[in-house]
Amino acid sequence: MITIRREVCGYCGACVSVCPSGALELIDAYLSVDSVLCKPKCKLCSTVCPLGAILRSEE
Amino acid sequence: MKDSYDILVVGGGPAGAVAARTAAEAGLSVLLVEKRSAVGVPVRSGESIGKDELLEFIEAEQRFIKAEIDSSVLIGPDSSKKTIHDGETIILDRKIFDRELIWRAAEAGAEIQVHARASAPIMEGEKVCGAVIEQHGKRYEVRAKIVIAADGIESKFAKWAGIDTTIPLDGIKSCAQYLVNDIDIDEKEMQFYISPEDAPGGHLWIFPKGKRSANIGVGILGTESADGKRACDYLNHFVEKNYPNGKITERSVGGVPVCKPLKETAADGILIVGDAARLSNPVTGHGIYNAMFTGRLAAEAAVSAVKNGNTSKEFLMAYDRAWRESDMGKEHERNCLVKENMA
Ligand SMILES: Cc1cc2nc3c(=O)[nH]c(=O)nc-3n(C[C@H](O)[C@H](O)[C@H](O)COP(=O)(O)OP(=O)(O)OC[C@H]3O[C@@H](n4cnc5c(N)ncnc54)[C@H](O)[C@@H]3O)c2cc1C
Ligand code: SF4
Ligand code: SF4
C-alpha cells in the first residue's frame, strides 16, 4: 500500500499520469488512491513525485 | 447543466478553453467542465510562450503579461554561455491568462462549470457518448455527440474510455518551481541550465517575471527521481546557493510529458488534446501553444463531424492527421528525435 502525505502533496497530477493501474486521481482538493487497484510492489508514483509526498510501505 | 450538448469539453486549461471557444463560435452547444474550484490554480507552469504563438490565439494584454523577453541563454555544465535568439518570448501570469481564455469561451456561448469533475465516460459499446459529472456532491449524466478530453497531465478520461495514456517513467519530467522575489536578474533574459548536477536528465530554468522577480524551476527525468534527489531537492539547492536572500512567494510542482504523443488521438466520439494527448515539447517541456493549437484543431474537426452527422473514429481521425501534418506536428516529431538522441 501507499500512504499519501496530504500535508506535502502539491496537487500536480504527475503521479496520476505514471500509474499503470489507474489507482490515483485528484478528487476535490486531494489526491486519492483506490487501494483495490493499486498494485503490490509497484512504486512508480512515489518515485516520480517532485516532493516525496507518497510513501510506499513494504508488503 | 443540461442533459445533452453537441460538445462536452473535459478540462479548463488552455487546450480545453480554446476548444470550447472554437466550437461555440461555430454555433455548437458546448459544456466545459473543470474539476478545480478556480481555473488556473494551483499554477503548474513556467508560463513562457513565444509572442507570435500567443498572438495566434489572443491579443497581447498587459493584464496577463508579466515580462517580455528578448534573449534566451543556454548555460552548460562548464558555465559556458550560448545565446539563442529565437524571437520574443512572453512570460504570462497563468492565473489571469487561463481565466481570460475561459472567459473568451463563455463569451462565445460555451457553458462553463467549475468544481465539476468528469468521473466516468458514458459508453455505448466502444463509443463515447458523454460523461458522468460530479459537482457539489451531486451526480449528473451529460450526453454529448463528441467529448474533447483536455484533462492535462492526468489524462484519465481517455484512459477510462479504453485508451492507454500511462506515461513511462523515462517519459516524464518531474518539476518544481518557485516564484522568487527581490533578486538580481536581467529581466530581459531567460536562462536554461543544462547540467547533470543541477538537473539530471532535464534542465533548470530562470524566467523573469518583471523587475527583481523570476520563476526558477527544475525538471528532472522521472527515472532520476529518488529520495533526497527529487526536483524539490535540486531546486532548494540551487536557490539556496545562488539566491540565498530571495523571497519565495509561490511554489508549484508538476509533471511534464516528454514521451511520444498518443498513437491515436481520436476514437469513436472522443478527441484528445494538449497534455492529455502527451503533446508538450519533449526538449523544452513547453506545452501551452501545442495545447491551444490542438484544442482549436480538435474543435474544428468536431464541428465538421457534428455537421456531417458522423462522429465515428474514422471521421474524427482527420484531426489526428491534421495536427501530425501541421508545422507544429512536424516540429514535435523532430523534437522527439532530438530527445531520443539526448538519452
Ligand atoms: C513546472 C512546469 C513548468 C512548465 N513551464 C511551461 C512553460 O514555461 N511554457 C509552456 O508552454 N508550458 C509549460 N509547462 C507545460 C504547460 O503547463 C502545459 O503543457 C499546459 O498547461 C497544457 O495545457 P492543457 O490545457 O493540455 O492542460 P492543463 O493546463 O493541465 O489543464 C487540464 C485541466 O483539466 C482539469 N481536469 C483534469 N481532469 C479532469 C476531470 N476528470 N474533470 C474535469 N476537469 C479535469 C485539470 O484540473 C486542469 O485544470 C510547464 C509545466 C510544468 C509542470
Ligand atoms: S506527484 Fe506528488 S505532489 Fe504531485 S499530486 Fe502526486 S503526490 Fe501530490
Ligand atoms: S504504487 Fe503503482 S499502482 Fe499503486 S498507486 Fe502508485 S503507481 Fe499506481
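Structural data are supplied above this passage.
Throughout what follows, the structure given in this document is the object of discussion. Residue indices begin from 1 for each chain and proceed along its sequence in written order. Chains carry letters from A onward and ligands carry numbers from 1 onward, assigned in written order. Note on the predicted model: pLDDT of at least 70 is required for a residue's local features to be given, and 80 or more for side-chain atom pairs to be given and counted; whole-chain, interface and lining totals, by contrast, use all residues. Neither water nor hydrogens contribute to the side-chain values; these are computed over all heavy atoms in the structure.

A few points about the site of ligand 2
All names here are of chain A.
(1) Moving on: Inspection of the region around ligand 2 gives C9, G10, Y11, C12, G13, A14, C15, L31, C49, P50, A53 and I54 as its neighbouring residues.
(2) Moving on: A majority-of-atoms criterion places ligand 2 in the second largest cavity.
(3) Moving on: Residue classes follow a fixed rule: Ala, Val, Leu, Ile, Met, Phe, Trp, Tyr, Cys and Pro count as nonpolar, while Asp, Glu, Lys and Arg count as charged, and any other residue, Gly among them, counts as polar. Here the shell around ligand 2 is built from residues that sort into 10 nonpolar, 2 polar and no charged. What makes a residue near a molecule or strand is one non-hydrogen atom of that residue sitting within 4 Å of it. Residues are said to line a cavity or pocket when one of their atoms sits within 4 Å of a point; the points come from a 1 Å grid over protein atoms alone, cavities being sets where a 1.4 Å probe fits but cannot get out and pockets being open sets with protein on both sides within 12 Å along at least five of seven lines. Cavity and pocket membership follows a simple rule, namely that a molecule belongs there if more than half of its atoms are within 2 Å of the grid points.

Points about the pattern of salt bridges
Residue and element names in this part refer to chain B.
(1) Moving on: Only one rule defines a salt bridge in this text: a Lys or Arg side-chain nitrogen within 4 Å of an Asp or Glu carboxyl oxygen. Considering all chains together, one arrives at 27 salt bridges over all chains under this definition.
(2) Moving on: For K209, the salt bridge identified is with E47, shortest N-O distance 2.6 Å. Residue K209 is found in the loop between β14 (203-208) and β15 (213-221), and its partner E47 is found in the loop between β2 (30-34) and β3 (48-50); the two are separated by 162 residues along the sequence. For the residue pair K209 and E47, the accessibility class agrees, reading buried in each case.
(3) Moving on: Ionic pairing is found between R63 and E61, a salt bridge with its closest N-O pair at 2.6 Å.
(4) Moving on: Burial status follows relative accessibility: with a 1.4 Å probe on protein chains alone, a residue under 20% of its type maximum counts as buried, one over 50% as exposed, and anything between as partly exposed. The class of R63 is partly exposed, set by a relative accessible area of 45%.
(5) Moving on: Overlapping salt bridges, with partners in common, bring together E59, E61, R63, E100 and R104 in one network. Helix and strand assignments follow DSSP, with helices taken as H or I runs no shorter than four residues and strands as E runs no shorter than two, numbered in order from the N terminus.

Considering the nonpolar core
Generally speaking, a soluble globular protein has its nonpolar side chains buried in company with each other.
(1) Moving on: Grouping buried Ala, Val, Leu, Ile, Met, Phe, Trp, Tyr and Cys residues that are joined through side-chain atoms within 4.5 Å yields what is termed a nonpolar core. Core analysis: the biggest nonpolar cluster contains 75 residues, and I7, I148 and I270 of chain B have the highest contact counts within it.
(2) Moving on: Counting residues per element, this core draws most heavily on helix α6 (residues 288-308) of chain B, which supplies 13 residues.
(3) Moving on: Any two residues having at least one pair of non-hydrogen atoms within 4.5 Å are treated as being in contact. Residue contacts for I270 of chain B: discarding those within four places in its chain leaves V128, V147, A149, F157, A158, A161, I163, T265 and L316 of chain B.
(4) Moving on: Counting residues in hydrophobic clusters, the runner-up holds 48 residues, among them I2, I4 and C49 of chain A together with I183 of chain B.

Describing the site of ligand 1
Residues and elements named next belong to chain B.
(1) Moving on: Around ligand 1 sit 37 residues, and of these A15, E34, G46, S48 and D275 come closest.
(2) Moving on: What qualifies as a polar contact is a pair of N or O atoms within 3.5 Å, subject to a donor-acceptor requirement within protein and to the restriction that residues adjacent in sequence count only when both atoms come from side chains. In this structure, an oxygen atom belonging to ligand 1 sits 3.1 Å away from a side-chain N or O atom of R36.
(3) Moving on: Between ligand 1 and D275, the relevant distance is 2.9 Å, taken from an oxygen atom to a main-chain nitrogen or oxygen of the residue.
(4) Moving on: Considering ligand 1 on its own, with 1000 Å² of exposed area, one finds that the protein chains cover 96% of that surface. Throughout, the Shrake-Rupley method with a 1.4 Å probe supplies accessible areas, and for residues the shown protein chains are the sole cover considered.

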